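Notes for the structure review
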Amino acid sequence: MKVLIIGSGGREHTLAWKIFQSERVEKIYVAPGNDGMSDLAERVPIQIDQIEELANWALANKIDLTVVGPEDPLVNGIVDHFEAKGLRIFGPNKEAALLEGSKVFAKSILKKYDIPTAEFEVFTDPDAALNYLEEANYPLVIKAEGLAGGKGVVIASKKEEANAAVERIMEDKVFGDAGDRIVIEDFLEGQEISVLALTDGEHILPLAPAQDHKAIFDGDEGPNTGGMGAYSPTSFMTDDLWDEVCEDILEPTVKALKEEGVSYKGVLYAGLILTDTGMEVLEFNARFGDPETQVILPRLEDDLVELMELVIDGRLSEKKSLSWDERAAVCVVLASGGYPLTYETGFEIKGLDDLKQHDNLLIFHSGTKLVGDKWFTDGGRVLGITVLGDGILDAINQVYDFLEEIEFEDIHYRTDIGFKIIED
Ligand SMILES: Nc1ncnc2c1ncn2[C@@H]1O[C@H](COP(=O)(O)OP(=O)(O)O)[C@@H](O)[C@H]1O
Ligand SMILES: [Mg+2]
């Protein structure tokens, strides 16, 4: 079969790498992709927001399965468009993707169905929000309702910060109409864990848990990024907690959506926090995480394409469990200095080719460019280096040894990926 992957980052490179291993697949295309994936997939020069063009291209090229990486096309209804043309596509439709596209929708589902999440209020009027902040307890959390590229959440330790956030989001409209409404919620404390599950709208099949590292600097300091590293599995997830996640969060969420008349098919990503009183939902995403995918898929032994087909056909219940590589995976993201703010690109990347010989090491490209036979930086996040090791500590040690071989000007990466496990 012919598969089209939509997106261009490290997550999509990882999807291409995993899908390439499926015996069912003869050819992979990626739109628009990046140079680092060219050995796995043929690039198609159509952007992720050109939904009509993508669907027409898939139809003309007899694509058997399309896999959507990022959230924007999902929230904009790419799945509905493809399905209307009779094309098979993996991901939630527009209505279901609202679980990520609207934090107000997600919170209202959580509340209505009694699924654990922080207490919250929704505001459409900035004055009402500012008024509420007068008497509120701090710290608290302010969230723009819509997609804001991971920048729409402010943790305010006092009233002045909260007021400023409300003004920026609701009055200055820094996130456009994604900030027409906001959620103000209680601040929760604990370890954050990402649990991604496949679901066909009826059944769920959770993937191994992972932990992301959002902040740019070591010790979780500095502004949030798309993600600077991840590891899987995580020792925080005991069997009891796992049951709690499945029984109290994932299954009830899918059931709640169904009751609301929404059939959710695809990956349901639950951003969770382990508080003193148990697991709570911080948010949902409607797709694979980046860089969680870079540590989850290398450990998955099952055929991903087969799983995606079961999801699309509503036959996920036929698959009782998944097989996982016993080894642990750690991914460290190499970024351009200055990211997530301003940064320069176009620097030569040295040392990549020599690393290819290690078979427990995977190099996933996020933002690179090949000119002649040389690699250059071409984005904020440049590369994700994943290592499989005998336990997390071994994987961490190995990944940092390998990283010393890679060089480019202004290189920045966290030196403490997995530190919460080490401190545990
Ligand atoms: N209620 C909360 N309490 C504490 N921290 C929070 C809370 N909500 C969000 N955060 C922090 O903010 C980050 C981003 O929030 P999230 O809801 O995941 O939005 P998004 O990923 O869309 O930016 C979380 O990963 C977490 O670190
Ligand atoms: Mg998040």
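This section reports on the structure supplied with the text. Since the model is a prediction, treat every value here as computed from it, not as a measurement.

What follows deals with the sheet that holds strand β22 (residues 374–377). In space, the three strands of this open sheet follow the order β19-β22-β21, with antiparallel pairing throughout. The open sheet has two free edges, formed respectively by β19 (348–349) and β21 (368–371), since each of these has just one partner strand. Note that β21 and β22 share four bridges and pair antiparallel. Residue pairing across strands places T368 opposite T377, the latter belonging to β22.

Within the structure shown, the criterion is met by 29 salt bridges. Note that R43 is salt-bridged to D35, the shortest N-O span being 2.5 Å. Judged by relative accessible area, which is 34%, R43 ranks as partly exposed. Residue class for D35 comes out buried when judged on its relative accessible area of 19%. One salt-bridge network, held together by shared partners, links R24, R88, E306, E309, D313, R315 and E318.

Close to ligand 1 lie 13 residues; K103, K143, E185, L188 and E192 are nearest. A distance of 2.7 Å separates an oxygen atom of ligand 1 from a polar side-chain atom of K143. Contact distances for ligand 1 include 2.7 Å between a nitrogen atom and a side-chain N or O atom of E185. Taking 540 Å² as the accessible area of ligand 1 by itself, protein coverage stands at 87%. Those elements giving two or more residues to the shell around ligand 1 turn out to be β7 (140–144), β8 (153–156), β9 (182–186) and β17 (278–285). Within the shell around ligand 1, the residues separate by chemical class into six nonpolar, one polar and six charged. Each of two domains, domain 2 (125–180) and domain 3 (191–318), supplies a minimum of three residues to the shell around ligand 1.

For the rest of this paragraph, the subject is helix α6 (residues 103–112). Within α6, seven of the ten residues are buried, which leaves it mostly tucked inside the rest of the structure. Those residues of α6 lying buried are K103, V104, F105, A106, K107, I109 and L110. Just downstream of α6 lies D114, where phi reads positive at about 60 degrees.

This part covers the pairing of β17. Counting buried positions along β17 gives six out of eight residues, so the element sits mostly inside the fold. The turn joining strand β16 (residues 266–275) and β17, which pair antiparallel and follow one another in sequence, is formed by two residues.

Residues D239, D240, D243, E247, D248 and E251 make up a contiguous surface patch of negative charge. Within the element layout of this structure, D239 appears in helix α9 (residues 239–259). A relative accessible area of 64% means that D239 is categorised as exposed.

Below, the discussion takes up the environment of G77. Along the chain, G77 turns up in the loop between α3 (71–75) and α4 (78–84). Relative accessible area serves as the criterion here: at 3%, G77 is assigned to the buried category. Expressed as a C-alpha distance, the spacing of G77 and Y400, which sit 323 residues apart in the sequence, is 40 Å. Setting aside its immediate chain neighbours within four residues, G77 contacts I51 and K94.

Rules of the game
Residues numbered from 1 in each chain as written. Chains lettered and ligands numbered in written order. Predicted model: local features only at pLDDT ≥ 70, side-chain atom pairs only at ≥ 80, totals over all residues. Heavy atoms only, no water. Pairing = 2+ DSSP bridges. Helix = DSSP H or I, 4+ residues; strand = E, 2+ residues; numbered from the N terminus. Salt bridge = Lys/Arg side-chain N within 4 Å of Asp/Glu carboxyl O. Buried < 20%, exposed > 50% of the residue type's maximum accessible area, 1.4 Å probe, protein only. Near = heavy atom within 4 Å. Polar contact = N/O pair within 3.5 Å; in protein donor to acceptor, adjacent residues only side chain to side chain. Areas by Shrake-Rupley, 256 points an atom, 1.4 Å probe, with all protein chains shown as cover. Nonpolar A, V, L, I, M, F, W, Y, C, P; charged D, E, K, R; others polar. Domains from an automatic or database assignment. Patch = residues over 30% accessible without salt bridge, like charges linked within 9 Å, V, L, I, M, F, W, Y side chains within 5 Å. Lys, Arg positive; Asp, Glu negative; His and termini not counted. Charge placed at Lys NZ, Arg CZ, Asp CG, Glu CD. Contact = heavy atoms within 4.5 Å.

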